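Tertiary structure, described
Residues per chain, in single letters:
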Amino acid sequence: MTIPFPQIHWAYLLPVLLVVGGAVFVLMWDAFFPQRERSFLVTLTLAVLASALGASLAAQPGSEAASMGGMYLYDGFTRFVFALILLSSFFSVLLSAAQRSLEEVPAGDYLGLILFATSGMMLMAATRSLLMVFVGLEIFSLALYVLAGFLRGQPEGNEAALKYFLLGSFASGFLLYGMALIFGATGSVDLMEIAQRLTTSPPSRSPAFLLGLGFVVVGLGFKVAAAPFYMWTPDVYEGSPTAVTAFMSVGPKVAAFAAFFRLLLAVGPRAGAELDAILWVMAVLTMTAGNVSAIWQSNIKRMLAYSSIAHAGYILVALAAVRRGSDLATGSFLFYMLVYALMNMGAFCVVVAAGARGEERTRIEDYAGLGYTRPALAAAMALFMVSLAGIPPTGGFVAKFYLFSAAVKVGFVWLPVIAVLNSVVSVSYYLRLVVLMYMREPGEAPARPGLLGPGWSYALAALVLAAAGVLNFGIFPSSFFELALRSTLLLN
Amino acid sequence: MAPLEHYLILSAVLFTLGVVGVVVRRNAIVVFLCIELMLNGANLAFVAYGSFLDSLDGQLIVFFVMAVAAAEAAIGLAIVVLIYRHRESTDVDDLNLLKL
Amino acid sequence: MIRYAWLIPLFPLAGVLINGLLGSRVRDKAGHVASLMAGLSLLVVLGIAREMILGPGGSHVVPVWTWITAGSLSVSVSFLVDPLSTIMLLVVAGVGFVIHVYSIGYMHGDPGYPRFFTYLNLFMLSMLLLVMADNYLLMFVGWEGVGLCSYLLIGFWYEKQSASDAGKKAFIVNRIGDAGFLLGLFLIWTLTGSLSYAEVFKAAPQLAAPAATAIGLLLFIGAMGKSAQIPLYVWLPDAMEGPTPVSALIHAATMVTAGVYMVARTSPVYVQGPGALEVIALVGALTAIFSASIGLVQNDIKRVMAYSTVSQLGFMFMAMGVGAFASGIFHLMTHAFFKGLLFLGAGSVIHALHHAPAAQQQDMRYMGGLRSKMPVTYWCLVAAALALAGVPPFAGFWSKDEILAGAFFSGHYVVWGLGTAAALMTAFYVFRMIFMTFHGEMRVDHHAREHIRESPAVMTVPLVILAVLSVVGGVLPGFPPDAGWIHKFLAPSLAKAPGHAALDEGVRVVKAAAQAGAQGGGHGTAGIALIVLAIAVALGGIALAWRMYLRDTAAPARLERRFPGLYRLLLNKYYVDEIYQACIVEPIYRLMRALFDFDQKVVDGAVNGSSFLTVWFSRISGIFDLRTVDGAVNGTAGVIGFFSQLFKFIQSGMVQNYLFVMLLGVFLMVSAYLFR
């Protein structure tokens, strides 16, 4: 008897293999040559991520998108999401290298974990199988639990790690149980087969299936920090090292949203109107909770955490539109994630660059007068804030416009209205920071800390990259939006 | 052989016990054990369904889940140990540096 | 020349970049750089205007690049040059340039000199974008931009608490308006499938009346915020905390008229939804008389102007509402001249008094007799006052008369009556200002007296330029009434209100006859009678002011004693800020209090029996008490505050509480599924 070897498309698999291989290599290298320069490993990691990005851009998704029985799926959507995840990892490595408080940590372990987390996110986004969604999710979650508490001496970091771990595992439990129920109701964990079963023999009204779907939504909702599962976000974001926070605010969200997306595309049209209502309520609650809570924050990382919750709420609007079957929504989702990744990474990069050795500038008050002491940094921050607030001519505005118009297009009325009102509210806390930077005398902050540390070139690179992107997507968004739109063509 | 419902009810009981335990217990290790209980409830459901649907997938998935749970245990316990070193306590209510 | 329209916003952009990035290098040259850029823009505008006015006119689109494409929607950055935008460009670039030059003198020596001119150029850039956009989205970009600049410039002297509070107030009120505008924009897109003017207006005739009304009202909410109409006008008087050139440029001549421009631009949609126009006419008329009456008793020279601006904006909206779009734009133009001049003149007075105690620099009770010391300022201000009062042949007469006539002949007699009464008050308060400031005995602080002198040429030349425009800016384009050059010029850009009478058949059959009788230039005998009445009203107001403030100076005090209630009502601006406080802020505050009382008694223990709620409650009420709110707008902040407390309550930092809330979410979700 011969066992048929499953067909494997190495070109499609290459990006993931590169990242995993790089992770192992970095980890081993540090174990064997611990005395080597830290910058070597950073450069190596960046190179790994860049080559993975190149490999995924080079691999044109063809007709044979699915390999290994649907466990691994490489289509246009995957390609775009890979680019997003790799970009966010790239940024967070730059930020990690720039952050003073991370200078003393063992670089190999740290960078290895970042790469492992990246591979988990990629796997989660590039699959049709619920099992792989779970495995990918756990791979990156476990890595992030460790990264959150990586500065072992800091009690806040430890607390963040434990909170993230307990709440995250709790949510994973729901996710897994939900998958079990869906498996029982449909006999498969493959989204395509599930969709087929749902159309041929409609068990879609069976309680087991609906309960399972609800539990899966809980698990994914936790990862994207949707209400009412967002409470971990501010605590964990505040406690983790800033570079890790930046990573957490983009990468896992992209991956979880991607999985959410595939799930909705498969079961959405057949899952009935309740899902509509649930997504609607979730989106409204999430953006309102995020925006309103952000207003009274005094810690900038918490403020950015709530801001990221609010943005998750906006993206949920796109998800709700996707369930109603809109190409525009998929395109605008991808475009929004792209712009969000850039502006959020940029903002965190300013936080990193503004910090000094041993002491980060995390209180919003610390930013008073930054416009006078460090004008370039303040200008960049102002740009990112304006973009997060969705004020033209930045990418944030265009992205929001696409997103809300997609919702309008599929016939939502109140959802875009509430979203617009929410973004109106959000302007107040984003601009508060800008006003503080330019309209307040500098406090007792050290005159010129931080940037002159050894990592300044990394911070500079990240800042320039993010700022250029945000402006470019604000002024010339068309070509990239077309790309995002095209990326959805090969879906299912 | 017992009907499918029995297995499912047992798995639901396990899962619910886990959920309740997570919410009401204060000790981080016990909370973590309860999370394991939730995962095992899910595992039981997978195996039971797999067996009744004549599909290998159910059992296959359980192996993955067990591997993941093992990794989770390693990391979770490490974090708890770290916390214990700092505060001499594993009570989750003592985690109160980060709030608001 | 029209091909080069993209140069117009490019120059201010260059100015922003130079002053913004090299602020510390250019320092004292910042004013010159900014003015040069504004001047270059003005040159291009003049070239284009020459071509538009002498040439065949028409409507030209200057594409720059395709900005946003999404499915069937395509929005480009392209500029529209047509008669309406030409007039607006002339006003914005012209007045803008003059005020840039004036600011060189006024802001001289201010520590934030380069910052000021950066903002000013940024404002010019946004305003020009707003005016030149060929689609609503680009207009919104400019709309947001001018709002931002207004906020930055009101709070320019941020060390002053009142200034930064005023900035915040303006910002919050404007955001309410912006939300309306944005929603209107989405509605336009849903209903017509496009955002570019040309396509929207092509589709407009197919719009159902309710749809067009909805669009019109949503857009008007935006206009109410930006152009300070009831009930969103509260921010404009406070905005006078900004430097005076800013008040002149942004809060009198240009930005606040953006709402009027937007309504005029959207006129093809508005005429499909007559309901919206009726609302606009009424709101405009009420605003006009309401704020004019407040202006009667104010003592701060800039506050008088501020309420006057609100009132005059009311006149413009009145014109829009009764379908006299061209007259409204005409008034917008003349108003830019004379109100800009009034503010710059006031600035010149304040500048001369800068040795007086701070509280007296803007208070007219401490002025008087400045005529001989500052002759140029005086005569320029008199010209502006005559224009505002509506005395022929000064600019304001022509435009204001057209608006009132328009209201009368379209059958809006109530609107017309309110407008005429407002015009009487206008003439009174502006000459009250002239008499109190420049005539009578000098009441200036002795110490400051010897420092009073005429402002430098860099400030008086702009005054003179605007004064000339205030004299001839009305009669040249606006004679004969309702058939002047400006009407012919603007006609292609504006929709015609369709025989306004037909809109509301039952009630207004009468007025169709009146309108039919009034065809052709002017309005026949009725028109002449109206003109005579308008002149009489203007002169009457002036005479009254003369009697009360020059001849019989005890009269105001006597009146005050006779009608103490009315006087206090006016002086306190009808207590609107206090009413907002009592009706919006207080109830929310009390509701929150009650809710948390409830929480403390009932919910406590339900979660986990710990006592953290009590601690929370005391902390929350502490925050409430700290946050004793004073302004009307803070009502919005109150609503948000309510939610904040709620979310704060959830975010306790306790893992188990988080778990509990998550579980609650699961239950709700599952029950939504299972028991729908």
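Predicted model only: the values in this text are computed from it and were never measured.

Right, let's get into the overall build of chain A. A count of helices and strands for chain A gives 19 helices and two strands. For chain A, the C-alpha radius of gyration of 22 Å lies close to 23 Å, the compact-globule estimate for 492 residues. If one aligns the C-alpha atoms of chain A with their principal axes, the spans along those axes are about 70 × 55 × 40 Å. Here chain A holds 492 residues, and 69% of them are scored as buried. In chain A, 81% of the contacts between residues at least 6 apart in sequence involve partners at least 24 apart.

Looking only at helices and strands, chain B has three helices and zero strands in total. Starting at the N terminus, the α and β elements of chain B follow one another as α-α-α. Against the globule reference of 13 Å for 100 residues, chain B gives a C-alpha radius of gyration of 17 Å, more extended than a compact globule. Each principal axis of the C-alpha distribution contributes one length, and for chain B these read about 50 × 25 × 25 Å. The burial tally for chain B puts 39% of its 100 residues in the buried class.

Once that is clear, we can look at the interface of chain C and chain A. Tallying the contact residues gives 39 residues for chain C and 47 residues for chain A. Within the residue set of the side of chain C that touches chain A, elements represented by two or more residues are β1 (60–70), α6 (136–154), α7 (161–192), α30 (634–650) and α31 (655–674) of chain C. Here the side of chain C that touches chain A takes 13 residues from α31(C), the largest share from any one element. Taken together, the residues that form the side of chain C that touches chain A break down as 26 nonpolar, nine polar and four charged.

Looking now at the packing of helix α3 (residues 76–98) of chain A against helix α18 (residues 456–475) of chain A. Residue and element names in this part refer to chain A. Axis separation between α3 and α18 bottoms out at 7 Å; the angle between their running directions is 145 degrees. For the element pair α3 and α18, the recorded crossing hand is left-handed. Touching Phe91, Leu94, Leu95, Ala97 and Ala98 of α3 are Trp456, Tyr458, Ala459, Ala461 and Ala462, all from α18. A breakdown of the residues in the contact of α3 with α18 according to their chemical character gives ten nonpolar, no polar and no charged.

Facing ten residues of chain B, the contacting portion of chain C comprises ten residues. Grouping the amino acids of the side of chain B that touches chain C by side-chain chemistry returns seven nonpolar, one polar and two charged.

The next point concerns the environment of Phe397(C). One can find Phe397(C) in helix α18 (residues 395–409). Discounting chain neighbours no more than four positions away, the residues touching Phe397(C) are Gly390(C), Val391(C), Pro392(C) and Gly474(C).

With that settled, the discussion passes to the packing of helix α15 (residues 301–321) of chain C against α18(C). Residues and elements named next belong to chain C. Where α15 contacts α18, the axes come no closer than 9 Å and their chain directions differ by 45 degrees. Taken together, the axis directions place α15 and α18 in an arrangement best described as oblique. Along this stretch, α15 crosses α18, giving a crossing that reads as left-handed. Across from Phe315, Met318 and Ala319 in α15, the residues of α18 making contact are Lys400, Ile403, Gly406 and Ala407. Partitioning the contact of α15 with α18 into residue classes produces five nonpolar, one polar and one charged.

A word on unusual backbone geometry. Phi is mostly negative for residues that are not glycine, and the peptide bonds are mostly trans. Note the cis peptide between Ala227(A) and Pro228(A), where omega equals 0 degrees. Position of Pro228(A) among the secondary structure elements: in the loop between α8 (207–223) and α9 (232–239). Residue Pro393(C) is bonded to the preceding Pro392(C) through a cis peptide linkage, with omega at 5 degrees. Along the chain, Pro393(C) turns up in the loop between α17 (375–389) and α18. Located in the positive-phi region is Ala225(A), a residue other than glycine, with phi close to 60 degrees. Along the chain, Ala225(A) falls in the loop between α8 and α9. For Asp54(B), which is not a glycine, the phi torsion comes out positive at approximately 55 degrees. With respect to the element layout, Asp54(B) can be found in the loop between α2 (28–53) and α3 (57–87). Judged by the 8 C-beta atoms lying within 10 Å of it, Asp54(B) falls in the exposed class.

Attention now goes to the confidence of the model for chain B. Mean pLDDT over chain B works out to 88, with 97% of the residues at or above the 70 mark. Reported confidence for the predicted complex is 0.95 by ipTM and 0.85 by pTM.

The subject of this paragraph is the environment of Phe408(C). Residues and elements named next belong to chain C. Within the element layout of this structure, Phe408 appears in helix α18. Overall, the presence of 25 C-beta atoms within 10 Å leaves Phe408 in the buried class. For the pair Phe408 and Leu530, spaced 122 residues apart in sequence, the C-alpha separation works out to 8.9 Å. Among all residues touching Phe408, those that are not within four sequence positions of it are Tyr413, Trp416 and Leu530.

Turning to helix α4 (residues 107–125) of chain A, a few remarks are in order. With 19 residues, α4(A) should reach 27 Å at 1.5 Å per residue; the first-to-last C-alpha distance of 27 Å fits that figure. Buried residues dominate α4(A), accounting for 18 of its 19 residues.

Attention now moves to the confidence of the model for chain A. The share of residues in chain A with pLDDT of 70 or more is 93%, and the mean pLDDT across the chain is 86. When mean pLDDT is compared element by element in chain A, helix α5 (residues 130–148) of chain A scores highest at 94, while strand β1 (residues 66–67) of chain A scores lowest at 70.

Turning our eyes to something else, we now look at the environment of Leu54(C). All names here are of chain C. Mapping Leu54 onto the fold places it in helix α3 (residues 30–54). Using a count of 8 C-beta atoms within 10 Å as the deciding quantity, one classes Leu54 as exposed. The sequence separation of Leu54 and Met364 amounts to 310 residues, and the corresponding C-alpha distance is 46 Å.

The next thing to look at is helix α1 (residues 4–24) of chain B. Residue and element names in this part refer to chain B. An ideal rise of 1.5 Å per residue puts 30 Å on 21 residues; α1 measures up with 30 Å between its terminal C-alpha atoms. Three or more residues of α1 are buried, namely Leu8, Ser11, Leu14, Phe15, Gly18, Val19 and Val22. The arc that holds every buried residue of α1, seen down its axis, measures 130 degrees, which confines them to one face. Across from the buried face of α1, at angles greater than 90 degrees, the exposed residues are Glu5, His6, Ile9 and Val13.

Rules behind the numbers
Residues numbered from 1 in each chain as written. Chains lettered and ligands numbered in written order. Predicted model: local features only at pLDDT ≥ 70, side-chain atom pairs only at ≥ 80, totals over all residues. Helix = DSSP H or I, 4+ residues; strand = E, 2+ residues; numbered from the N terminus. Rg over C-alpha atoms; globule rule 2.2 N^0.38 Å. Buried ≥ 20, exposed ≤ 12 C-beta atoms within 10 Å, placed from the backbone. Contact = placed C-beta atoms within 7 Å. Nonpolar A, V, L, I, M, F, W, Y, C, P; charged D, E, K, R; others polar. Axes fitted to C-alpha atoms, helices over the stretch in contact; angles between N-to-C directions. Left-handed = near helix turned anticlockwise from the far one by under 90°. Parallel < 35°, antiparallel > 145°, perpendicular 65-115°, else oblique. pLDDT = per-residue confidence, 0-100. Expected span 1.5 Å × (residues − 1). Arc of directions from axis to C-beta.

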